[in-house]
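Here's the letter readout for the chains.
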Amino acid sequence: MTPHSLRTLWLASAVAGVLSLPGIAAAQTALRPNLIALPAFNTSLATDAGGRSTLRFGTTTWNSGIGPLELAAGEVETGSGKLRVYQVVYQSTGSPVLNFAGAFEYHPAHDHMHFNDYALYMLQPVNAPGGSSRTGVKTTFCIMDSAPINLSLPGAPRSPFYNRCGRDLQGMSVGWADTYGAELAGQEIDFTGDADGVYQLKIEVDPKKLLVETNESDNLSCVLLSIRKPSTVTVLDSSGNCSAVASITPNSARIGTSVQDTITGYGFSPGMGVSFDSGSGPRPVASNVQLTSNTASVDQITATVTVPYKKQAGRDPVWNVRVGSGGVLANGFRVTP
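Quick caveat: nothing in here was measured; it's all calculated off a predicted structure.

K.L.:
Please clarify how the overall build of the protein should be interpreted in this entry.
P.N.:
Counting its secondary structure elements, the protein contains one helix and 25 strands. Scored against the burial criterion, the 337 residues of the protein give a buried share of 46%. Of the contacts formed within the protein by residues at least 6 apart in sequence, a portion of 65% connects residues at least 24 apart. With the model as given, the accessible surface of the protein reaches about 15,400 Å², and the carbon-plus-sulfur share is 54%.

K.L.:
I'm lost on the state of the cysteines in this one. Help?
P.N.:
Each disulfide is one covalent bond, formed between the sulfur atoms of two cysteines. What the rule picks out here adds up to two disulfides. For C142, the disulfide goes to C165, at an S-S distance of 2.1 Å. Its torsion about the S-S bond being -120°, the disulfide of C142 and C165 is classed as left-handed. With C142 in the loop between β10 (134–135) and β11 (147–148) and C165 in the loop between β11 and β12 (169–172), this residue pair connects regions lying 23 residues apart in the sequence. Its relative accessible area of 1% is what places C142 among the buried residues.

K.L.:
What exactly am I supposed to notice about the nonpolar core here?
P.N.:
Most often, soluble globular proteins have nonpolar side chains that are buried together. In this structure, L55, L71, F115, Y118 and L201 are the most contacted members of the largest nonpolar core, which totals 37 residues. Here the element with the most residues in this core is strand β15 (residues 197–205); it accounts for four residues. For L55, the contacting residues outside a window of four places in its chain are S44, L45, L123, Q187, E188, I189, L201, L225, I227 and V233. Counting 18 residues, the second largest nonpolar core, distinct from the first, contains I263, V305, V321 and L329.

K.L.:
How should I be thinking about the sheet that holds strand β18 (residues 244–249) in this particular structure?
P.N.:
The strands that make up a sheet are held in pairs by hydrogen bonds between backbone atoms, and each pair lies either parallel or antiparallel. Strands sit in the order β18-β20-β23-β22 across an open sheet of four strands; the sheet is antiparallel. Every other strand in the sheet has two partners, leaving β18 and β22 (285–294) as the edge strands with one partner each. Across the sheet, the axes of successive neighbouring strands diverge by a mean angle of 25°, strand direction being ignored. Strand direction decides the pairing type here: β18 and strand β20 (residues 258–266), joined by five bridges, are antiparallel.

K.L.:
For this particular structure, what's the right way to read the side chain of D261?
P.N.:
By secondary structure assignment, the location of D261 is in strand β20. No salt bridge forms around the buried D261; measuring N to O, its nearest opposite-charge neighbour R254 is 13 Å away. The residues touching D261, leaving out its near neighbours within four places in the chain, are I248, T249, P250, I301, T302, A303, V305 and F333.

K.L.:
Sorry, what's going on with the environment of E216 here?
P.N.:
Considering the arrangement of structural elements, one finds E216 in the loop between β15 and β16 (220–228). Those residues in contact with E216 that sit more than four places away from it in its chain are D206, K209 and L211.

K.L.:
Can you help me understand the sheet that holds β16 in this one?
P.N.:
Reading across from one edge, β10-β9-β15-β16-β17 is the order of the five strands in this open sheet, with antiparallel pairing throughout. At either end of the open sheet lies a strand with only one pairing partner, and these are β10 and β17 (232–240). Two elements, β16 and β17, share six bridges in a ladder whose sense is antiparallel. Bridge pairing in β17 links R228 to T232.

K.L.:
Which parts of the structure should I look at to understand the layout of surface pockets?
P.N.:
Here the idea is plain: a probe the size of a water molecule rolls over the atoms and shows the empty space left. Taken as a whole, the second largest pocket encloses approximately 390 Å³ of empty space. If you go around the second largest pocket, you meet 20 residues; those closest to its centre are K202, L220, C242, G267 and N294. Secondary-structure elements contributing two or more residues to the lining of the second largest pocket are β9 (119–127) and β15. A per-element tally of the lining of the second largest pocket places β9 first, with three residues.

K.L.:
Looking at this model, I keep getting lost on the packing of aromatic side chains. Mind explaining?
P.N.:
Aromatic ring pairs: the centre-centre distance and the angle between the two ring planes describe each pair. Applying the stated criterion across every chain, the model contains seven aromatic pairs. Aromatic side chains Y86 and F100 sit 6.2 Å apart centroid to centroid with 70° between the ring planes, which places their arrangement in the edge-to-face category. Of this pair, Y86 sits in strand β6 (residues 83–91) while F100 sits in strand β7 (residues 97–107), and the two are 14 residues apart along the sequence. In this structure F100 comes out as partly exposed when scored by relative accessible area, which is 36%. Chaining the aromatic ring pairs together yields one cluster made of F104, F115 and Y118.

Thresholds, definitions, all that
- As a convention, each chain's residues are numbered from 1 in the sequence order in which they are written.
- Given that the model is predicted, a residue must reach a pLDDT of at least 70 before its local features are reported, and side-chain atom pairs must reach 80 or more before they are shown or counted; all residues, however, enter totals for whole chains, interfaces and linings.
- Side-chain measures here rest on the full set of heavy atoms in the structure, leaving out hydrogens and waters.
- Numbered from the N terminus, helices here are DSSP runs of H or I no shorter than four residues, and strands are runs of E no shorter than two.
- Relative accessibility under 20% of the residue-type maximum defines a buried residue, over 50% an exposed one, and the middle range a partly exposed one, all with a 1.4 Å probe and only protein chains included.
- Contact between two residues is taken to exist if any of their heavy atoms lie within 4.5 Å; hydrogens are not considered.
- All accessible-area figures derive from a Shrake-Rupley calculation using a 1.4 Å probe, and residue coverage is judged against the displayed protein chains alone.
- By convention in this document, the label disulfide applies to cysteine sulfur atom pairs within 2.5 Å.
- In these notes, a set of buried Ala, Val, Leu, Ile, Met, Phe, Trp, Tyr and Cys residues joined through side-chain atoms within 4.5 Å is what counts as a nonpolar core.
- When DSSP finds at least two bridges between two strands, those strands are taken to pair.
- Convention adopted: a line fitted to C-alpha atoms gives each axis, helices being fitted over their contacting stretch, and angles between N-to-C directions are expressed from 0 to 180 degrees.
- Residues scored as positive are Lys and Arg, those scored as negative are Asp and Glu, and His as well as the terminal groups of each chain are ignored.
- Between Lys or Arg on one side and Asp or Glu on the other, a salt bridge is scored when a side-chain nitrogen of the former is within 4 Å of a carboxyl oxygen of the latter.
- Residues are said to line a cavity or pocket when one of their atoms sits within 4 Å of a point; the points come from a 1 Å grid over protein atoms alone, cavities being sets where a 1.4 Å probe fits but cannot get out and pockets being open sets with protein on both sides within 12 Å along at least five of seven lines.
- Grid points are joined across faces, edges and corners, and a volume is the space filled by probe spheres set on the points.
- The rule is short: rings of Phe, Tyr and Trp, with Trp giving its six-membered ring, pair when the centres are within 6.5 Å, and they are stacked under 30 degrees, edge-to-face over 60, tilted in between.

So, in structure tokens, the structure goes:
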């Protein structure tokens with residue numbers, strides 16, 4: 001069977017699966033992919049005799065959409081030698097739609113063509129005095145079906161369809177993932193000279209927002225790591241949540257008083273609340289919570305923190321500070337008599 005006939009059979013299956021879902025009429029539907037970044041895994045730190053430290057990790061992105069991520073090479077870019085790339089978005093009826101999506105470029109370390117700007121790796125200090133943000137050098141990937149994730153999704157093929165690093169065509173089927181192991185070139189961030197402490201390792205797929213998807217809000221995932229040279233990496237949170245609390249100032253208040261606090265961290269968004277847990281005695285209460293800064297480097301929330309009046313403090317008057325449902329600063333706030 002030819003690749004074209006395989007594609008025809010796969011597309012017919014995908015369309016039938018989508019149109020059989022409740023509430024979906026037989027009108028034209030764009031069969032878009034949905035790329036999800038899973039948390040980094042197999043993290044490790046190595047420091048050589050010269051003091052150069054490297055954080056290594058594996059990554060997986062997968063397609064939970066209603067159509068494949070398909071990338072087709074176009075014309076050669078003048079001057080760069082790269083191939084322009086177009087995303088092929090299949091439709092439930094009619095011809096596919098092409099959208100410009102970037103470029104293919106030869107990757108000498110992997111010896112095949114890669115798609116540019118597919119993902120971005122960032123390491124951000126959360127509780128690491130003197131630490132700095134670092135960005136991984138790897139931005140190019142060969143997109144292919146390397147592992148099944150959810151083959152129960154409508155249109156998911158039983159076996160990999162995009163099974164090689166093609167020069168002219170790459171892609172990821174519905175329900176399938178593209179995994180890069182920690183041992184591969186580019187799966188690293190230089191940690192040389194950075195401070196020991198707690199860091200957030202962030203994986204962002206399609207950071208330039210060139211790919212057409214069903215959902216753009218699930219392209220980020222994070223792991224919280226404790227990193228200590230020469231070779232210790234401890235995973236503190238692998239849930240994928242990208243909200244992390246770095247500090248709260250001031251970090252204490254007396255019983256029966258209120259303080260105006262500034263909370264810094266990453267992944268804050270409007271509407272997130274601030275709460276306190278895992279202490280005892282009078283529990284601090286946050287009000288007037290406002291997101292005052294939301295940037296690529298650091299976020300800030302201001303809040304009024306009130307400690308209710310009680311005659312006695314608890315046996316453990318030190319509380320965790322929580323922003324939203326994810327970010328936590330352990331033992332971040334103390335209640336004093």
